[in-house]
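Each chain, written out:
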Amino acid sequence: MNNQKFGYQDDNQKITLDFATGKEIILNIITPEIIEVFEDHGCATNSYAIEGNKKQPTDYTVTDCGDHIEVQTTALIGKVYPDRKIDFYDAQNHPLVLDYRGERQMLPTDMDDEHRNTVMSEGHAVHAKATPDNVNFEILKSLAKDEVFYGLGGKTGFLNKRGYEYDNWNTDVPVLHNDSQTHLYKSIPVVYGMKNGYPYGLFFDDTYKSHFDLGKESDNYYFYSAVGGNVDYYVLGGQTLQAVVANYTYLTGRTPLPQKWMLGYQQSRWGYSISDTRVEDIADKFAEYDLPLDVIHLDIDYMRGYRDFTWDTTKFTDPEAFVQKMRERGIRLMPILDAGVKVDDKYDIYKEGMAKGYFVTNPDGSVYIGSVWPGDSVFPDFGNPDVRAWWAKHIKFFADMGACGIWNDMDEPANFRAKGQLPDDLVFHNGQEKTTHAKMHNVFGHLQSQAAYEGMKAATQQRPYIISRAAYAGTQKYSTVWTGDNAAVWSHLQLAIPQLNGLGMSGFAFAGTDIGGFQEDTTPELLTRWVEASVLVPLMRNHSILGSRYQEPWSFDQQTLDIYRKYLNLRYRLIPYLYDQFHQAETSGLPVMRPLVLNYPQDRETWNLNDQYLVGDNILVAPIVNQGATKRMVYLPAGEWVDFWNNTEYAGQRYVMVDAPLDTLPLFVRKDTIIPWGNKVMHVSDEPEKMMTFKVYGNQGTYCHYQDNGQDFKYQQGEFNEYVINVANDQIEVRLQKHDFKPVYQHIVVETATKHAKFTFDSESDQYRQVETN
Ligand code: GLC
């Protein structure tokens with residue numbers, strides 16, 4: 001070794017590297033496919049994304065190779081050089097993540113102070129560029145010619161993030177979410193790359209404001225920078241892109257199985273909750289127009305003067321009885337809950353929180369007062385575990401009312417003062433320690449969701465239904481998310497697909513957009529195409545802003561209503577398939593809704609496919625996302641595909657042109673697949689279904705179908721059933737492979753192109769008997 005100081009200590013999967021200059025760098029081997037890179041910058045080291053010890057006993061070697069030190073597992077090789085550069089390769093030595101050896105070359109802007117003012121005088125925004133001077137550290141990685149990027153949660157723009165820059169700073173963005181908007185409501189700092197076709201992931205576990213430039217500034221490097229925190233990132237390996245995603249969700253947690261009714265259709269609008277009669281009127285209309293529905297959301301008006309944990313009894317005479325009455329009609333109510341607590345000496349939540357010192361303070365110790373819907377508002381210090389426990393305890397108010405969950409909003413947190421933010425220097429807790437808003441901002445919504453989840457779970461023992469607008473990496477363990485305040489414009493229907501695919505890749509298997517668009521006035525055509533596009537989106541909710549044109553299914557003409565109904569019915573038929581996918585997602589860590597690249601990363605045609613998605617492995621959805629279009633090109637990946645509507649078969653790995661008149665969503669099923677086909681229902685029932693149909697696309701197939709009580713956690717103790725349907729050589733077999741949840745389907749029907757075979761449960765043999773075929 002030339003340099004005396006360059007060396008390492010190896011302590012049980014923790015390799016500490018010393019350099020002639022600068023701090024030590026630690027490589028933590030978490031699993032064969034996950035290595036953490038850590039450099040201490042004097043900040044707290046607890047993670048909000050990763051819970052529990054994820055380190056697995058792993059075989060590895062550390063070798064001093066003279067000019068570098070090499071750390072090797074069965075899947076990853078890390079090479080560390082005396083100049084502090086680190087390169088990661090896969091086990092076959094294909095480069096994955098290499099430190100860049102040059103300096104940043106900032107894009108020239110010709111901007112000086114005078115010109116900045118001139119540009120701004122017309123109202124243009126001038127964005128401060130991320131420079132090495134305004135950040136705590138920058139990490140530059142080399143970029144290959146054809147490297148592509150995915151992930152980052154629900155950012156704006158396209159599926160492949162190459163060529164764009166993004167910020168991680170949770171923000172309420174009430175204006176149009178365009179490609180140029182670098183940050184929205186969530187910060188999920190995970191990026192997946194494919195370098196020369198070899199997949200990897202990088203997860204930067206830092207809650208401070210951070211920045212990604214993914215090849216916008218240069219074709220030679222991409223970079224990550226942050227204004228605070230330690231250098232703490234995870235290199236994720238894996239043979240396939242799916243394996244890399246599974247490693248990320250191993251680390252940050254998987255989306256838990258929802259209650260089954262959460263997959264039902266949901267209707268919302270800011271304004272419904274002005275009275276119980278208005279809410280009931282919506283439920284009546286759904287019944288009148290023969291439209292299935294599971295949940296109506298209650299926006300802020302149900303509260304007493306926008307006070308959290310209150311219910312205005314001048315608008316809802318007896319809220320509990322009302323919730324119950326709706327429940328008897330098969331409809332659940334989902335109240336919103338905002339982050340800001342009204343300043344009001346006569347309001348118990350405010351008084352209690354003040355007495356206990358639970359609200360965020362200014363540096364001088366006084367409670368910070370911002371403004372949200374109720375006017376002057378204070379913000380719970382969710383970084384303090386006692387505050388979370390207190391909030392969770394109050395969640396019982398909603399559980400006791402019979403509300404079906406909690407819809408968390410304004411939890412970035414949003415503020416109507418101070419340019420929409422809380423000041424950076426406000427005092428928060430990080431556990432027992434004091435810290436700043438700058439550190440806790442991006443996990444505010446995460447922690448509020450955790451509190452709501454734990455409160456609901458304790459109060460009901462059911463799988464909690466929490467929806468949040470803000471999120472950080474790992475929030476998927478506690479909450480479903482929606483993409484925030486989109487608008488009724490075609491570009492936002494287009495955006496919905498890459499956004500939701502990005503969220504799926506980033507751990508959020510349960511996500512959705514406001515169908516029809518939240519802001520602005522929708523059109524019948526846009527609403528129609530949006531509900532079609534959302535037929536298999538995990539969270540299916542139509543929501544709109546107060547004052548916009550109504551966008552309930554019946555708000556336009558008969559045709560719009562009929563098409564809307566057609567897709568709601570299709571949704572309910574496919575809920576058993578979706579539920580099976582959620583069951584698999586909890587184990588595999590892969591999303592339910594996913595971009596084609598996740599299943600076909602070797603196929604370059606999938607790398608930039610923005611307007612299609614897969615649901616699991618076997619259903620492909622290719623919505624119309626352009627006004628006036630009645631045909632579209634669909635890319636079918638390898639294999640053979642069957643048109644859902646007319647059974648036309650297509651060979652894959654090519655584009656096909658398909659007709660898509662207004663009532664037709666291009667929808668394909670992989671040939672030789674079996675799909676469960678639920679009964680026609682108006683709501684997801686609390687009672688186990690008595691019958692299930694399975695449809696065979698193609699001539700054969702095998703399918704494993706999951707069933708449990710759809711509500712609580714008993715499935716985790718093994719209380720579930722598994723049915724295996726097998727069709728081969730004209731033989732149809734139905735087998736109850738696992739029977740630990742008592743109720744079973746009394747009848748099962750298997751439909752092939754030529755046959756309709758009916759099976760009946762025989763309790764004596766605990767198996768199915770074929771009773772008829774026609
Ligand atoms: C925010 C939410 C939106 C809600 C509104 C009123 O804009 O994103 O969904 O309707 O607040 O509560």
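Residues numbered from 1 in each chain as written. Predicted model: local features only at pLDDT ≥ 70, side-chain atom pairs only at ≥ 80, totals over all residues. Heavy atoms only, no water.

Going by the annotation in an unreviewed UniProt entry, the name recorded for the protein chain is DUF4968 domain-containing protein, with Ligilactobacillus saerimneri given as the source organism. In its Sequence similarities (unreviewed entry) section, UniProt records this for the protein chain: "Belongs to the glycosyl hydrolase 31 family." (UniProt positions renumbered as here; feature names shortened; annotations may be inferred.)

On to the pattern of salt bridges, then. According to the stated counting rule, one finds 40 salt bridges in the structure shown. The shortest N-O distance in the salt bridge between Asp 686 and Arg 327 comes to 2.5 Å. Separated by 359 residues along the polypeptide, Asp 686 in the loop between strand E42 (673–677) and strand E43 (691–697) and Arg 327 in helix H4 (residues 319–328) bring together distant segments of the chain. Residue classification places Asp 686 among the partly exposed positions, given a relative accessible area of 38%. Given a relative accessible area of 23%, Arg 327 falls into the partly exposed group. (Salt bridge = Lys/Arg side-chain N within 4 Å of Asp/Glu carboxyl O. Helix = DSSP H or I, 4+ residues; strand = E, 2+ residues; numbered from the N terminus. Buried < 20%, exposed > 50% of the residue type's maximum accessible area, 1.4 Å probe, protein only.)

A separate point is the UniProt feature "domain: Glycoside hydrolase family 31 N-terminal" (unreviewed entry) in the protein chain. If you check UniProt for "domain: Glycoside hydrolase family 31 N-terminal" (unreviewed entry), the listed places come out as residues 26–213 in our numbering. For residues 26–213, the helix share is 5%, the strand share is 36%, and the end-to-end C-alpha distance is 25 Å.

Residues in close proximity to the ligand include Trp 270, Asp 299, Ile 300, Ile 336, Trp 373, Trp 407, Asp 409, Arg 469, Trp 482, Asp 485, Phe 518 and His 543, which together make up its full environment. For the ligand, an oxygen atom lies 2.4 Å from a polar atom in the side chain of Asp 299. Surface burial for the ligand is 97%, taken as the share of its 310 Å² of free accessible area covered by protein chains. Tallied by class, residues from the shell around the ligand come to seven nonpolar, one polar and four charged. (Near = heavy atom within 4 Å. Polar contact = N/O pair within 3.5 Å; in protein donor to acceptor, adjacent residues only side chain to side chain. Areas by Shrake-Rupley, 256 points an atom, 1.4 Å probe, with all protein chains shown as cover. Nonpolar A, V, L, I, M, F, W, Y, C, P; charged D, E, K, R; others polar.)

Attention now goes to the pairing of strand E16 (residues 210–213). Of the two faces of E16, the one carrying Ser 210 and Phe 212 and the one carrying His 211 and Asp 213 are both buried. In the sheet, strand E12 (residues 165–168) pairs with E16 via four bridges, with the strands oriented antiparallel. Note that in E16 the partner of Tyr 166 across the bridge is Phe 212. As judged from the four bridges shared by E16 and strand E17 (residues 221–226), these two strands associate in the antiparallel manner. Residue pairing in the sheet places His 211 in a bridge with Ser 225 of E17. (Pairing = 2+ DSSP bridges.)

It is worth spelling out the layout of surface pockets at this point. As a volume, the largest pocket reaches approximately 1,100 Å³. Looking at the lining of the largest pocket, the elements that each hand over two or more residues are E12, E16 and E17. Taken together, 25 residues line the second largest pocket, and the ones lying closest to its centre are Lys 85, Asp 99, Glu 138, Ile 139 and Leu 140. Of all elements in the fold, only strand E4 (34–39), strand E10 (137–142) and strand E18 (231–236) reach the threshold of two or more residues within the lining of the second largest pocket. Considered class by class, the residues forming the lining of the second largest pocket number twelve nonpolar, three polar and ten charged. (1 Å grid on protein atoms, 1.4 Å probe; cavity = no way out; pocket = protein on both sides within 12 Å on 5 of 7 lines; lining within 4 Å. Points joined across faces, edges and corners; volume = space filled by probe spheres on them.)

Next up on the list: unusual backbone geometry. That bond from Glu 412 to Pro 413 is cis: its omega, -5 degrees, falls within 30 degrees of zero. Summarising the element assignment, Pro 413 is placed in the loop between strand E25 (406–409) and strand E26 (427–430). The phi dihedral of Asp 672 is positive, around 65 degrees, even though this residue is not glycine. Mapped onto the elements, Asp 672 comes out in the loop between strand E41 (667–670) and E42. Exposure remark for Asp 672: the relative accessible area of 28% places this residue in the partly exposed category.

The next thing to look at is the sheet that holds E10. Note: strands within a sheet are paired through backbone hydrogen bonds, in either parallel or antiparallel orientation. Strand order in the open sheet formed by four strands is E10-E17-E16-E12, and the pairing between neighbours is antiparallel. The open sheet has two free edges, formed respectively by E10 and E12, since each of these has just one partner strand. Neighbouring strand axes in the sheet, compared pairwise and without regard to direction, differ in orientation by 15 degrees on average. (Axes fitted to C-alpha atoms, helices over the stretch in contact; angles between N-to-C directions.)

The interhelical angle for the contact between helix H3 (residues 276–288) and H4, taken along N-to-C directions, is 5 degrees, at an axis separation of 12 Å. As judged from the angle between their axes, H3 and H4 are roughly parallel. When H3 is examined against H4, the residues Asp 276, Val 279, Glu 280 and Ala 283 are found in contact with a partner set consisting of Phe 322, Lys 325 and Met 326. Considering only residue class, the contact of H3 with H4 consists of four nonpolar, no polar and three charged. (Parallel < 35°, antiparallel > 145°, perpendicular 65-115°, else oblique. Contact = heavy atoms within 4.5 Å.)

Turning our eyes to something else, we now look at the side chain of Lys 439. Along the chain, the position of Lys 439 falls in helix H7 (residues 437–440). Within the buried core, Lys 439 has no salt-bridge partner, and the shortest N-O distance to an opposite charge, that of Asp 206, equals 5.8 Å. Apart from the residues within four sequence positions on either side, Lys 439 is in contact with Ala 44, Thr 207, Tyr 208 and Asn 430. (Lys, Arg positive; Asp, Glu negative; His and termini not counted.)

This brings us to the nonpolar core. Grouped together as the largest cluster of nonpolar side chains are 178 residues, with contacts concentrated most on Phe 203, Ile 296, Leu 536 and Tyr 768. The element contributing the most residues to this core is helix H11 (residues 558–588), with 14 residues. Mapping this core onto the domain boundaries places at least three of its residues in each of domain 1 (7–99) and domain 2 (687–773). In contact with Leu 536, other than residues within four places in its own chain, are Arg 571, Leu 574, Leu 578, Tyr 613, Val 615, Ile 619, Val 621 and Leu 667. (Core = buried A, V, L, I, M, F, W, Y, C linked by side-chain atoms within 4.5 Å. Domains from an automatic or database assignment.)

With that settled, consider H11. Along its 31 residues, H11 runs 43 Å from first to last C-alpha, staying within 8% of the 45 Å computed at 1.5 Å per residue. At Leu 574, H11 is deflected by roughly 50 degrees, the largest bend along its length, and proline Pro 576 occurs up to four residues later in sequence. With its phi angle positive at about 75 degrees, Gly 589 sits one or two positions after the end of H11. (Expected span 1.5 Å × (residues − 1). Bend = angle between axes of the 7 residues up to and from the residue.)

On to the UniProt feature "domain: DUF5110" (unreviewed entry) in the protein chain. Per the UniProt record, "domain: DUF5110" (unreviewed entry) is found at residues 692–742. Along residues 692–742, the helical share is 0% and the strand share 59%, with 16 Å between the first and last C-alpha atoms.

This part takes up the sheet that holds strand E7 (residues 76–80). If you walk across this open sheet you meet the five strands as E5-E6-E7-E8-E9, and the pairing is antiparallel. Where the open sheet ends on each side, the last strands, each with one partner, are strand E5 (61–64) and strand E9 (95–98). Across the sheet, the mean angle separating the axes of adjacent strands is 15 degrees when strand polarity is ignored. Sheet topology places strand E6 (residues 69–72) next to E7; four bridges connect them, and they run antiparallel. The residue of E7 that forms the bridge with Ile 69 is Val 80.

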